[in-house]
Amino acid sequence: MKRIVYVAFTLWASLTYAEIQFTRVTDEAGVQFRHFNGATGVKHLPETMGGGAAFFDYNNDDLPDLYFVNGAPLTESTTNVQPTNRLYRNSGDGTFTDVTELTGVGNTEYGIGCCVADYDNDGNRDLFVTNFGHNALYHNKGDGSFNDVTHAAGIIDEPCFSTGCAFADYNNDGWLDLVVVNYVLTDLETAPDCSQNGIAAYCRPEDFAPAPDVLYQNNGDGSFTDVTQIAGLIALGRGLGAIWTDVNNDGWVDLYIANDREPNFLYRNNGDGTFTELGELHGIARNEHGDAESSMGIDTADYDNDGDFDVILTHYQAETNTLYQNDGNGVFWDVTAQSRLSEPTLLPLAWGTGFVDIDNDGWLDLFFANGHLHDNIEALEEIGVYQQQNQLFHNQQNGTYADISDTSGGGMRIEKSSRGAIFGDYDNDGDLDILVTNIADTPDLLRNDTPPVHHWLRINLVGSFNNNFSVGTLHRKGSNRDGLGAKVTLQIGDMHLLREVKSGASYLSQNSHQLLIGLGTAEQVDRLIVHWQSGVRDEMENVQCNQQLTIQEGDGIITRKP
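Scoring rules and cut-offs
- Residues numbered from 1 in each chain as written.
- Predicted model: local features only at pLDDT ≥ 70, side-chain atom pairs only at ≥ 80, totals over all residues.
- Heavy atoms only, no water.
- Domains from an automatic or database assignment.
- Contact = heavy atoms within 4.5 Å.
- Buried area = accessible area lost by both parts, 1.4 Å probe.
- Polar contact = N/O pair within 3.5 Å; in protein donor to acceptor, adjacent residues only side chain to side chain.
- Nonpolar A, V, L, I, M, F, W, Y, C, P; charged D, E, K, R; others polar.
- Buried < 20%, exposed > 50% of the residue type's maximum accessible area, 1.4 Å probe, protein only.
- Helix = DSSP H or I, 4+ residues; strand = E, 2+ residues; numbered from the N terminus.
- Pairing = 2+ DSSP bridges.
- Disulfide = S-S within 2.5 Å.

*Asks:* Would you take a moment to explain the domain arrangement of the chain for this structure?
*Replies:* A common way to state how big an interface is: give the accessible area lost once the parts meet. Split by domain assignment, the chain resolves into domain 1 (22-448) and domain 2 (456-561). Taken over C-alpha atoms, the centre of domain 1 sits 24 Å from the centre of domain 2. If you look at the interface, domain 1 gives 69 residues, while domain 2 gives 39 residues. Counting the surface lost from both domain 1 and domain 2, the interface buries some 4,000 Å², and carbon and sulfur atoms represent 51% of this. Viewed at the interface, domain 2 and domain 1 are joined by 30 residue pairs in polar contact (both at pLDDT 80 or more). Here the side of domain 1 that touches domain 2 is built from residues that sort into 30 nonpolar, 23 polar and 16 charged.

This is the structure:
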C-alpha cells in the first residue's frame, strides 16, 4: 500500500475552513415537486428505491436545470393525479419554473433513476430514465423540447427493474455508449410475503434473483446495439450504482458497478471492445474484512490529490460507508477506518453521495444522503429510525475527514428518508449547492451560503467530435462533445488537482457537467491541462481565478465569463 506524505502548511490552501453553511430554499426557489412511491402497505420492493434527480443544462444557457424522477401507482391507482417526472428550468434569479409539459419529458412509468449526456453529438444534452417497467430515452431537439426515441434507438422493449445508468465512450470512437444496471427479477403478483413476526416488512434483495446488466454501444446514427455478451459484462449482481472512470490511467474508461449484498464489479477496459471483471483482484469487491456489503451510491474522485481516482460507496445500516484509495495502478485499499469515516457512518443507512469541494479549499469533502428503507423500522428493530439526518464530512487535508453536519446550517439538520443527492452551482455564485431527493416527500434544495473566502474556476468542456487530430503518429477523431472521459489537471504551486466530467453518479442521479474547482487562496492556476479521450492535450498557463471558461478540444479557451 502506498504511503502519502501530506504537506502540513501550504500557501494556496487555508488550514482553517470557512464557516460552512447550507440553507434550505426549496420553496423560495419555486420547486413544488413531491415524490410519490405508490406505497399501499403491501410492501412492494420498488417503493423503497427512488427517486433520482439531475442537474443538467437542457437549453444551453449555462444554468443547471433540475429534473426529478417520480414513482407511479404499482397496482390500483392510489391518487387522483397521475404522478410524472418533472423538469424545472433555471430562471437565473435563484428560482425555477416547471416546464415539464413544454419539454415533453414527463415520463409516467414507475421511475427509479436517470443519467444525462449528448449521445448524438449535436450540442444538446439528452436524457435517459430508468424505470421499474420500460426505460425511456429522450432526445433533446435543441428547441426546448424532447422526443421519446426509446424504440427508434434500439433500447430493449421489455419491462425491467433498472436502477443506475451512465454514458461513456468506452471504445474511444467519439460516440457515447450507455450502461444500464438492473437490480432483481421480481413479479409483484408472485413476490413473497416478508413480514417479520407478523409485522409487514419489505423483502431483502437476496429474496430475488439478480438481473443482468446491459451495455449499449452507440452506432453513431442515433441508435444503439446491445453488446453486453460480446463485451463480457456477464457477471450477475443486484446492481444499483454505475460509474465510468479510468482507474489505471491507460486512456480507456473502466466500469464500476455497486451491487447490493454481493461483491461489487470492476470491469477493466481491455481496449478492444471487451472487459475483464477484476473487482476481487483489485481489492474493490469487498471491504477490508472480506465482507460483501449492501452498496447503494457511488462516486469517484481524487480525494487525496495524488493524481488518481478513488472510490466512495454508501451502505446499509450497521455497515460503514467505504472509502477505497487507489494506489495509482488501479488497485484499491479500504481506508475507511484510517480516514475516520467508520464510526460516524456505521448506524445511518446511506444512499446518495458525492466527493464535493464545499468550501473551495481544493480538497474534496464528502456528503451522504441518509434514510432507512423500512418506513416502520421502529417496530421492526430496537435501533434505526426512518427519517435520518444527512451527513457532511470536511476533508482535513491529511487523509482524514471530520463530521461537520451539525455545524453546517439548518439545511444539514433536516431529517427525512433521503435517497438521491446531486451537486451543482445552480445560482452561479461560485460554490456548489446540493439537491437531495426524499422518498415520498419533498426534495431539499440546499443553497451553499458559506462565506466566499476561497477562489474557484468553473469549466465547461466541449469536445471537437467533427475534427480529426494527429496524436503522435496516430490520426484520431475528436472526442465526444460533452467531454466525458476527459481529465483536467491543475497545477498550483507544488499542488496538483485532478478532476473529470462524468455521467451518472451518487445514487440513481446525475451531477452538473460543469466543473467547479476550488483553488483555495491561489489567485491563478499556474498550468491547466485537459487530457481528452482522443489523446489531444490542451495546455494553458497563468489562468486567473473566479471566472468561467469554455475549453474546446484542440482550441483551448474559447470563451471567458466572470
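*Asks:* What is the right way to look at the pairing of strand β22 (residues 322-326) in this model?
*Replies:* Both faces of the sheet carry side chains from a regular strand, because those side chains alternate between them. For β22, a buried count of five out of five residues is recorded, marking the element as mostly surrounded by other parts of the structure. Here β22 shows a buried face lined by Thr-322, Tyr-324 and Asn-326 and a second buried face lined by Leu-323 and Gln-325. Across three bridges, the pairing between β22 and strand β23 (residues 332-334) is antiparallel. If you follow Tyr-324 over to β23, its bridge partner there is Asp-334. Counted between consecutive antiparallel strands, the loop separating β22 from β23 contains five residues, among which Gly-328 sits at a positive phi close to 100 degrees.

*Asks:* Is there a simple way to think about the state of the cysteines in this case?
*Replies:* Chemically, a disulfide is nothing more than a covalent bond linking the sulfur atoms of two cysteines. On inspection of all chains with the given rule, the structure shows two disulfides. Note on cysteine connectivity: Cys-115 is disulfide-linked to Cys-165, with sulfurs 2.4 Å apart. Judged by the sign of its S-S torsion, about -130 degrees, the cystine formed by Cys-115 and Cys-165 is left-handed. Linking Cys-115 in strand β6 (residues 110-117) with Cys-165 in strand β10 (residues 160-168), this pair joins segments that are 50 residues apart in sequence.

*Asks:* Would you take a moment to explain the environment of Ala-191 for this structure?
*Replies:* Locating Ala-191 in the fold gives a position in the loop between β12 (184-185) and β13 (209-210). Taking the C-alpha atoms as reference points, Ala-191 and Gly-52, separated by 139 residues in sequence, lie 24 Å from one another. Among all residues touching Ala-191, those that are not within four sequence positions of it are Thr-186 and Phe-208.

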